[in-house]
Amino acid sequence: MTTTPFPTATILGYPRIGPDRELKKALEAFWRGAIPAADAEQAAQDLRRANRARLASLGLGRDDSAIPEASSYYDHVLDTAVAVGAVPARFADVVGPDGAVDLAGYSTIARGRGEDAPLEMTKWFDSNYHYLVPEIGPDTVFRAADRRRAAEVREAVADGFVTRPVLVGPVTFLLLAKPTDDAPEDFRPLDRLADLLPVYAELLAELRAAGAEWVQLDEPALVTDTHTVGREAVLAAVTSAYDALVAAPGRPALLVAAPYGDLRDALAPLVATGIEAVGIDLVRGAQPEDPSVLAGTTVVAGVVDGHNIWRGDLSAALSAASELGAHAAAVSVSPSTSLLHVPHDVSREEHLDPELRSWLAFADQKVSQVVTLARGLTEGQDAVRAELDEAAESLARRASTTGVRIPSIRERVAALTADDAERGDVDDRRTAQQEALGLGLLPTTTIGSFPQTGDIRRSRAAHARGDLSDADYEDAMRAEIARVVALQEDLGLDVVVHGEPERNDMVQYFAENLDGFAVTQHGWVQSYGSRATRPSILWGDVSRPAPITVSWSSYAASLTPKPVKGMLTGPVTILAWSFVRDDQPLGDTALQVALALRDEIADLEAAGIGIVQVDEPALRELLPLRSEDQPAYLDWSVRSFRVATSGVDRATQIHTHLCYSEFAEVIDAIDGLGADVTSIEAARSRMEVVDDVAASGFSRGVGPGVYDIHSPRVPSVAEITGLIETALDGVSTDLLWINPDCGLKTRGYDETVAALRNMVEAANTVRERVRVRA
Ligand code: GLN
Ligand code: ZN
C-alpha cells in the first residue's frame, strides 16, 4: 500500500449543528412535519459544504485529508451503529432491504416511538455531549449497511476536496455498547469483536473506493479504565482489531485517535499493529513514557485544548508537539479532541468585552492555531514568532487584568477552616428541623421548577430585549409565582417551591447574577441530538454583588403558611455546565462559587426560608475517567458543596438533587455532601436505586423520584403507591420523601397537575397504611 503523507495540520472533528444551529432547525422542522426529509437533507448538505469551505479558508488542506468528514444528523455513535447494521430488533422495520436507514428511520431509533424506547443516552467521556448507547447481543447481525459516510466523501470529491472520514473505532464502539436485554448474564459486547471486524474492513474499503486516502477511527475508550471489561481484555482487543484492519485489503491509511486522556499501556500495542498514524491527547494526557515505540509511526499531537475555549499557550503547544515528533516518523498538529465541544467563532461575539474576547479561541480560532503550529513545526519557530508572541502577550494580559484575581476573594477562600464545612451532628439537626418545620410522615414536594409556559418565555425575551420594563417583568414573574404557590396548596403538597419562572437555565441564571462570568450570544454547543446549550464563561474570581433568589423565594413564602424551599444550583454543576478558567485548579474556582452560594443561603435563611435545596445534577458527570483520579475530585467537589451549605443553623434543612439513579457509583460523594435530604432519579429504573440506598446504610432523608418527568405520561395512583411501597422496603418511614424525578420545566401544565395530584393521593394512601401497620 502506498500511503499519502498525513497533513501537518488537522482537526479531529468540527461543530456539527451549524453556526446558527441550522441543522437543529432543519431537523426539528422535519420532525414536526413542517418540511420533507429531502429539505432537511439539503440543509445538512449545505452545512457540510459550508464547513469544508470554511475549514479550507482557515488554512486546512483541501485535498490532503486534513479536513475530517465527521458530520452527524444526531449522534456519531448512532451513525456507527447504523453503519455496521447494529439496529435493535424493535426498530428492525426502519431498516431497508439493503441495510440503509433513511432519515425518518434514523430519527425513530434516536428518539423512540410509542412503546419502543429510543437508545439510552449517556455522557460522552468527560464532556457535556451525550451519545446513544448501542445495544449488542449474541445475535446482533453485523453487516456493512449504511453508506452515508462514503456518500459524503464522494460529495466532497465532487467539490474538489479529499476529506478524511471519521468513524468510532471498533473497540470503543463495543466498549460503549450495552448488552441487549435478553443477552446472557456473562455476555459482553466486546465478545463480538471478531464478528464486527470484517464489517469495518468492508466499510474501510468502501471509503477508499469513494476517494478517501485516510480514515480516522476514534478510540477514546482506550484512555479510561472504568469499563466492566478488564484492561487486559481491552489491550488484547486493540491488538486483534488493528491487526485485522491493517491487513484488510483495499483499505485507506489509518489514523487511530485517542482523545480525552492518556493511552498509557495501550499505546505500544496499538502502534505495534502497524497503523499509519496515532492521535495522542497531550492536553489531558502526558508525553509517552517510552516514546521509542513511535519510531515508525506518524503522530498527530493533540496540543491545542479541544475541550475549552481558551486561547492557551501556543509556545508550550509547539514545544510539546516537537518533543513528541522527535521520536516519531512524522508529526502533525491537532486539537486534543474533536472541536464539537466548542462554539464556532468567537469573532461573532460582539457583546463580549474585547479584552475577554482576545483571550478566547472557539473552533475557528483553534483551527487557525493548529495551522500556525504546523507552520512552526515545518518552517521553524521563527516563521511563527509573531503569532507565538501575540498569544504570550494575551496570556500575560489575562493574568493581570482586573477581576481575574481579586485579593479579598482569595483571602476569604484561604481563610476557610474545616469548621466552615461542618454542620454538626445529623440527629441534632433532624430534631431541630422537625421542630422548626413540623412536617408529617412522607412529606411531598417537587424538585423546583414548574412548567415554563410560552407566556413566561415571552416575558423573559421581551425583558431581555428591553421591551418589558424591570417593574413589569417583576410583576409578570410574581403573578406566575402566585399561581404556582396556589396550585401547590390546592394539590396539598407539603413543601412548596416558587417554581423558578425567572430562570432561563439553572446555570446561566446564576452566571448572569454573579461577578466573574460572561455570557455569549452565539456560543452554542451540542448537548445531544438537536439540543444545544450556551455555556457561560467563568473567566475571573467569582463573587455575588447582590442577593439573587431571595426576593423571589420570600415572595412565595409571603403567600403561604407552608414551608417554602429555596432553590440554588451547586458549585460543581455551575462549573460543569460552564466554560471554566483554566489558570487554576477547578477546586479553587469551586470554593469561590461556594462562598457566593453560602452568602445567598445565609440571606435566604435570614429571610425566613427554612429549607434550601442546592442542586448538584452534574456531580457524577465530572467524575474523572481514571479511578485513580477520583478521590481528589470527590475531595474538592464535596468540600465545595459543604462550604456552600454549612453556614446555616442546624434547624435549616439542606436538600440536594441529583439527576441520575446510579447511587452506588457516587455513594461516597452523596454521603459526603451531608445534605439532610437527597432527591434522586428512580422511577425509570423502578426504584432499583433503593437497594443501593439500603445497602449503603444511608441515614439521612432521601426522595427517590416516584414519577418520570421526561415523558408526558401521567402515572396512576396505584402505580405511584406501588413505587412508594417499594421504596419503603429499603428506606425507613421517617427518612422517605415523596417527589418526582426531576424539575417540571419541560412539561405542560395539564399532565403536571394530573401527575402531582396522583402523587399526593398515593402518598396519602401509603401514610394511611403505615399508620394502620403501626
Ligand atoms: N431545581 C431544578 C429544576 O427543578 C433542578 C433541575 C435539574 O435537576 N436538572 O428544574
Ligand atoms: Zn434533576
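About the criteria used
Residues numbered from 1 in each chain as written. Chains lettered and ligands numbered in written order. Predicted model: local features only at pLDDT ≥ 70, side-chain atom pairs only at ≥ 80, totals over all residues. Heavy atoms only, no water. Helix = DSSP H or I, 4+ residues; strand = E, 2+ residues; numbered from the N terminus. Rg over C-alpha atoms; globule rule 2.2 N^0.38 Å. Buried < 20%, exposed > 50% of the residue type's maximum accessible area, 1.4 Å probe, protein only. Contact = heavy atoms within 4.5 Å. Areas by Shrake-Rupley, 256 points an atom, 1.4 Å probe, with all protein chains shown as cover. Lys, Arg positive; Asp, Glu negative; His and termini not counted. Charge placed at Lys NZ, Arg CZ, Asp CG, Glu CD. Pairing = 2+ DSSP bridges. Axes fitted to C-alpha atoms, helices over the stretch in contact; angles between N-to-C directions. Phe/Tyr/Trp six-rings, centres within 6.5 Å; stacked < 30°, edge-to-face > 60°. Near = heavy atom within 4 Å. Polar contact = N/O pair within 3.5 Å; in protein donor to acceptor, adjacent residues only side chain to side chain. Nonpolar A, V, L, I, M, F, W, Y, C, P; charged D, E, K, R; others polar. Core = buried A, V, L, I, M, F, W, Y, C linked by side-chain atoms within 4.5 Å. Donors = N, O, S within 2.8 Å, 3.2 Å for Na, K, Ca; no water. Tetrahedral: all angles 85-135°; square planar, octahedral: opposite > 155°, others 65-115°. Expected span 1.5 Å × (residues − 1). Parallel < 35°, antiparallel > 145°, perpendicular 65-115°, else oblique. Left-handed = near helix turned anticlockwise from the far one by under 90°.

Q: A description of the overall build of the chain should follow, citing residues and the corresponding values.
A: When its secondary structure is counted, the chain shows 26 helices and 21 strands. For 774 residues, the compact-globule estimate of 2.2 N^0.38 gives 28 Å, and the chain sits close to it at 27 Å. By principal-axis analysis of the C-alpha atoms, the chain measures approximately 80 × 60 × 50 Å. Residues classed as buried in the chain amount to 58% of the 774 residues present. Taking the contacts inside the chain whose residues are at least 6 apart along the sequence as the reference set, 78% of them involve residues at least 24 apart. Taken as a whole, the chain presents about 29,100 Å² of accessible surface, with 50% of it coming from carbon and sulfur. In the chain, 72 positive and 116 negative side-chain charges are present, and the distance between their average locations comes to 3 Å.

Q: Now, about the sheet that holds strand S8 (residues 253-258): what can you tell me, with residues and values included?
A: Taken together, 7 strands build an open sheet; the order of strands is S1-S5-S7-S8-S9-S10-S11 and the sheet is parallel. Because the sheet does not close on itself, it has two edges, and the strands there are strand S1 (68-69) and strand S11 (330-335). Of the strand pairs in this sheet, strand S10 (residues 298-304) and S11 are connected by 6 bridges, and their pairing is parallel. Note on S11: the bridge partner recorded for Thr298 is Ala330. Strands in contact with helix H12 (residues 363-379) are S10 and S11; relative to S11, the strand with the most contacts, it is inclined by about 160 degrees.

Q: Mind laying out the packing of aromatic side chains, listing which residues take part and the relevant values?
A: The full count for this structure, using the stated rule, is 11 aromatic pairs. With a centroid separation of 6.4 Å and an interplanar angle of 70 degrees, the aromatic rings of Tyr73 and Tyr106 are classed as edge-to-face. In this pair, Tyr73 sits in the loop between S1 and helix H3 (76-83) while Tyr106 sits in helix H4 (residues 103-111), placing the two residues 33 residues apart along the sequence. Owing to a relative accessible area of 5%, Tyr106 belongs among the buried residues under this scheme. On the numbers, 5.3 Å between centres and 90 degrees between planes, the contact of Tyr633 with Trp636 is edge-to-face. Here Tyr633 and its partner Trp636 are both found in helix H22 (residues 630-645), 3 residues apart, which amounts to about one turn of the helix. One aromatic cluster is present, built from ring pairs that chain together Trp124, Phe125, Tyr131 and Tyr260.

Q: Give a detailed account of the site of ligand 1, specifying residues and quantitative values.
A: Neighbouring residues of ligand 1: 13 residues in total, closest Ser449, Glu500, Asp615, His657 and Cys659. A distance of 2.8 Å separates a nitrogen atom of ligand 1 from a polar atom in the side chain of Glu500. Between ligand 1 and the protein, one listed contact pairs a nitrogen atom with a side-chain N or O atom of Asp615 at 2.7 Å. Computed on the free molecule, ligand 1 has an accessible area of 290 Å², of which 94% lies beneath the protein chains in the complex. Along the lines of polarity and charge, the residues of the shell around ligand 1 split into 6 nonpolar, 4 polar and 3 charged.

Q: Break down the sheet that holds strand S15 (residues 536-543) for me, with residues and values.
A: Whether parallel or antiparallel, the strands of a sheet pair through hydrogen bonds between backbone atoms. Pairing is mixed across the open sheet formed by 3 strands, whose spatial order is S12-S15-S17. The strands lining the two open edges of the sheet, one partner per strand, are strand S12 (515-518) and strand S17 (578-580). Here the strands of the sheet are splayed against their neighbours by 35 degrees on average, with no regard to which way each runs. Pairing of S12 with S15 involves 3 bridges; the strand directions are antiparallel. Considered in S15, the bridge of Ala518 is made with Ile537. Packed on one face of the sheet, helix H21 (residues 586-606) meets S15 and S17 and runs near 70 degrees to S15.

Q: Can you lay out the nonpolar core for me, pointing to particular residues and giving the numbers?
A: The biggest cluster of nonpolar side chains holds 115 residues, and the ones touching the most others in it are Phe173, Val278 and Val303. When residues of this core are assigned to their parent elements, the largest contribution, 10 residues, is made by helix H7 (residues 193-210). Once residues within four sequence positions are removed from consideration, Val303 is found in contact with Leu282, Val283, Ala317, Ala320, Ala321, Val333, Ser334, Ser336 and Leu373. Residues Leu491, Phe517, Val638 and Ile709 belong to the second largest nonpolar core, which totals 97 residues.

Q: Residue-level account of the coordination of the zinc ion (ligand 2), with values.
A: In a perfect tetrahedron of four donors around a metal, the angles come out at 109.5 degrees. In a perfect octahedron of six, they are 90 or 180 degrees. Here the zinc ion (ligand 2) is held by the protein donor atoms His657 (NE2), Cys659 (SG) and Cys742 (SG), which lie 2.0 to 2.2 Å from it. The coordination sphere of the zinc ion (ligand 2) comprises 4 donor atoms, whose angles at the metal cover 83 to 125 degrees; the geometry is irregular. Of note, the donors binding the zinc ion (ligand 2) are all from one chain and are spaced H-x1-C-x82-C. Linking Cys659 in the loop between strand S19 (653-658) and helix H23 (667-673) with Cys742 in the loop between helix H25 (717-730) and helix H26 (749-773), this pair joins segments that are 83 residues apart in sequence.

Q: Tell me about H12, and name the residues and values.
A: Over its 17 residues, H12 runs 24 Å from end to end, which matches the ideal 24 Å to within 8%, given 1.5 Å per residue. Buried residues along H12 sit in contact with helix H2 (37-57), S10, helix H10 (314-325), S11 and helix H13 (385-400). The first or second residue beyond H12 is Gly380, which carries a positive phi of 95 degrees.

Q: Explain H3 to me, and be specific about the residues and the numbers.
A: By the criterion of burial, H3 is predominantly enclosed, with 8 of the 8 residues buried. Taken as a whole, H3 has its buried residues at His76, Val77, Leu78, Asp79, Thr80, Ala81, Val82 and Ala83. Turning to H3, the residues buried within the fold contact H4, strand S3 (130-132), strand S5 (164-168), helix H6 (170-176) and H7. For H3, the N-terminal cap is Asp75; the gap from its side-chain oxygen to the backbone nitrogen of Val77 is 3.3 Å. Looking one or two residues past H3, Gly85 carries a phi angle of roughly 80 degrees, positive in sign.

Q: Provide a residue-level description of the packing of helix H16 (residues 454-465) against helix H17 (residues 470-491), including the pertinent values.
A: Viewed as axis vectors pointing N to C, H16 and H17 meet at an angle of 165 degrees, and their least axial separation amounts to 10 Å. Taken together, the axes of H16 and H17 are roughly antiparallel relative to one another. Considering only the axes of H16 and H17, their crossing is left-handed. Counting all contacts with H16, which are made through Ile456, Ser459, Arg460 and His463, the residues of H17 involved are Asp470, Tyr473, Ala476, Met477 and Glu480.

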